[in-house]
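Structural overview for review
These are the residues of each chain, in order.
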2 protein chains.
Amino acid sequence: MKTLTVDLGARSYPIFIGHNLLADPALYAPYIKGKQVLIVTNETVAPLYLEQVKSALTGYQVDEVILPDGEEFKNLEILNRIYDELLAKQHNRTTTLIALGGGVIGDMTGFAAASYQRGVNFIQVPTTLLSQVDSSVGGKTAVNHKLGKNMIGAFHQPQCVIADTETLNTLPARELSAGIAEVIKYGLICDAEFYHWLQQNMASLLAKQPAALAYAIERSCQDKADVVAQDETESGIRAILNLGHTFGHAIEAHQGYGNWLHGEAVATGMLMAADLGCRMGDLSSSDVEALRTLLLQAGLPVVGPQDMSVEDYTSRMLVDKKVLDGRIRLVLLRRIGEAYMTSDIVADQLTATLTAGEQLGLI
Amino acid sequence: MKTLTVDLGARSYPIFIGHNLLADPALYAPYIKGKQVLIVTNETVAPLYLEQVKSALTGYQVDEVILPDGEEFKNLEILNRIYDELLAKQHNRTTTLIALGGGVIGDMTGFAAASYQRGVNFIQVPTTLLSQVDSSVGGKTAVNHKLGKNMIGAFHQPQCVIADTETLNTLPARELSAGIAEVIKYGLICDAEFYHWLQQNMASLLAKQPAALAYAIERSCQDKADVVAQDETESGIRAILNLGHTFGHAIEAHQGYGNWLHGEAVATGMLMAADLGCRMGDLSSSDVEALRTLLLQAGLPVVGPQDMSVEDYTSRMLVDKKVLDGRIRLVLLRRIGEAYMTSDIVADQLTATLTAGEQLGLI
């Protein structure tokens, strides 16, 4: 087992990465301060892993909420089921919520923990690659609104994260690919060496080779933790973690949450960001082509939905959280391994990027 | 105009108390960092004061949400209307919410500000005595859940508070009394001198004499600010601000939110706390009688609802936020002007307090 620490002063917490961790009581006990625990999970994950987690929690009042599975359920109405259970079972301020599942479960459980009685503790037990490398680090919690993704939320750090690589054995290939999109992102924004490693080791990751997975998770978490430690509440540098996300959120919102996986939308969005960067003179066209190749190899989409117009993108992008005073702001790449945020976007270049797939005859 | 400062380090903020403040642009401008403002108010307050506030906000994108009036609308569903408007009008992270109304508007707007895009700024413009002396100080924001009051919320400090005493001229007598309940509370928990002032000046307050009102607001805010500055997130001393609230929340929840005003329930709850303190040997029976007299003079109820049983109280009190490990914890008075928190409650004494009104033939 490897242990990383996310360094946030009084809110620092450990990430445990390894196999056979789910049922180990010693990983939970130091991070549960009261006598009550609520496990929040979903209908897909519960039959696979809920009993293992419960077996590690003897001696506590353990309650559970099993939510429907999918991004389309990440809203205030479904969130209310968590509050219902907490109140019906009289959970108090010392309760600990445990998020057992992917990013949706982590985000919702985290926001429930942030807001129940104005804030209680929670532990992340991510069971998808995406959540192990992304949402488990950094304390962003949220639910969606019909007019925008993650628009309602809070910054709330977990007490610890338990990332058990065994849980990836039951992960569908499409979701593994979606997780790899975020792994590739870390290489692109701040870790060129890791990006090149990914170019050489993609086949091992897709084959779920344990050593390759553990290395990719650890390195991704470390990269993200380093960025978050510099800027916990995203007033500056942290925004680079959103590479591809402004495009990606527009795709997700337009298609209806859950039709495109988050990682798939981010993959396409990262390629759009690279394409725009190329048009702006930062990246070479061979960089863009190499990224397209890597994304395709990872089983990820590289063009947006056929039915999305430029206006469909830009209207959605204008309600993105990164918009300031009516200007679209985007994370772009100066080179592979270095990202920056800019609002100096030339409309024609953006339009060219958004219609590039069409011009290439790809859609 | 008087200016108090709530001292919370980087989150410190001023409270402006005086008359004719609502329409003064200079009180708002330094606390609005972006170009967008959303005023949240209700159907009662909007016709009276919305235009005055808007007149102070020229040069901004000013949007508004007018909610139904009442504690029964302080829930997630109505909260969503604030998010709807923010997103429909494309408000970004630099937006400022303005809460124009009483405690319900302040609590909901504050929680919307705490959670919209993981946190934006807000300004409190309280228009009731209760909100001017209570909810505008301390950063507690929340909505109710059907199983408990204020169970979903966050700590989120405003940028400033503008307490215009002119707004009290339109306040119904019953609501003025409800506000005075919280004013009396500050005397009881930490300011015996102020308590004695209230015993001598209650008639002036009820007559809305401007100088008396301004003094009571200023002293209450100062008392509360002093407590909050010691303990922003209620890990200790701040809990004394909840004198009477555990009993009061049980009454409000049992009766359905909105039937008893919050201040009315707190008044009865404070008398219950005093009665229990007397049974435990802390207060004299003449202290309790003097409090009963003062509350009656202020037009406040001094016995709970006729149809509430001991079990109705205790079952509700067990889901209160102050419960720890299944034990009821209460704020009690050691003497007039000094409160403390205890979980050493003798069940028989609590039962005697909860049935005291009945024994006295009062209900």
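Predicted model only: the values in this text are computed from it and were never measured.

Let's shift gears to the UniProt feature "domain: 3-dehydroquinate synthase N-terminal" (unreviewed entry) in chain A. UniProt annotation of "domain: 3-dehydroquinate synthase N-terminal" (unreviewed entry) refers to residues 65-177 of chain A when read in the numbering used here. Within the segment residues 65-177 of chain A, helix and strand shares are 34% and 29% respectively, and the terminal C-alpha atoms sit 28 Å apart.

Along its 18 residues, helix α10 (residues 262-279) of chain A runs 26 Å from first to last C-alpha, staying within 8% of the 26 Å computed at 1.5 Å per residue. Where burial is concerned, most of α10 of chain A is hidden: 16 out of the 18 residues are buried.

A common measure of how large an interface is: the accessible area buried when the components associate. The interface is formed by 38 residues belonging to chain A together with 37 residues belonging to chain B. Counting across the interface, chain A meets chain B through 4 salt bridges. Two residues, D84 of chain A and K146 of chain B, come together in a salt bridge whose shortest N-O distance is 3.4 Å. Here chain A is connected to chain B by 12 residue pairs in polar contact (both at pLDDT 80 or more). Mapped onto the side of chain A that touches chain B, the elements with two or more residues apiece are α3 (76-88), α4 (103-115), β7 (140-145) and β8 (148-155) of chain A.

Here the focus is the side chain of T268 of chain B. Locating T268 of chain B in the fold gives a position in helix α10 (residues 262-279). Each residue touching T268 of chain B, except ones within four places of it in the same chain, is listed here: I251, W260, P301, V302, V303 and G304 of chain B.

Residues and elements named next belong to chain B. In terms of burial, strand β7 (residues 140-145) is largely enclosed, as 6 of its 6 residues are buried. Across 5 bridges, the pairing between β7 and strand β8 (residues 148-155) is antiparallel. In the sheet register, K140 faces β8, and the bridge partner there is F155. With antiparallel pairing between neighbouring strands as the criterion, β7 and β8 make up a hairpin whose turn holds 2 residues.

Residues and elements named next belong to chain A. Segmenting chain A into domains produces domain 1 (2-170) and domain 2 (173-359). The gap between the C-alpha centroids of domain 1 and domain 2 is 26 Å. Each side of the interface is counted separately: domain 1 has 32 residues, and domain 2 has 34 residues. Taken together, both faces of the contact between domain 1 and domain 2 bury some 3,000 Å²; the carbon and sulfur share is 64%. For domain 1, the biggest contributors to the area lost against domain 2 are L129, V133 and K149; these three give 21% of the whole. When the shortest N-O distance is used, the salt bridge between K2 and E218 registers 3.5 Å. In this assembly, domain 1 and domain 2 are joined by 10 residue pairs in polar contact (both at pLDDT 80 or more).

Reading the values: rules and limits
- Residues numbered from 1 in each chain as written.
- Chains lettered and ligands numbered in written order.
- Predicted model: local features only at pLDDT ≥ 70, side-chain atom pairs only at ≥ 80, totals over all residues.
- Heavy atoms only, no water.
- UniProt positions renumbered as here; feature names shortened; annotations may be inferred.
- Helix = DSSP H or I, 4+ residues; strand = E, 2+ residues; numbered from the N terminus.
- Expected span 1.5 Å × (residues − 1).
- Buried < 20%, exposed > 50% of the residue type's maximum accessible area, 1.4 Å probe, protein only.
- Contact = heavy atoms within 4.5 Å.
- Salt bridge = Lys/Arg side-chain N within 4 Å of Asp/Glu carboxyl O.
- Polar contact = N/O pair within 3.5 Å; in protein donor to acceptor, adjacent residues only side chain to side chain.
- Pairing = 2+ DSSP bridges.
- Domains from an automatic or database assignment.
- Buried area = accessible area lost by both parts, 1.4 Å probe.

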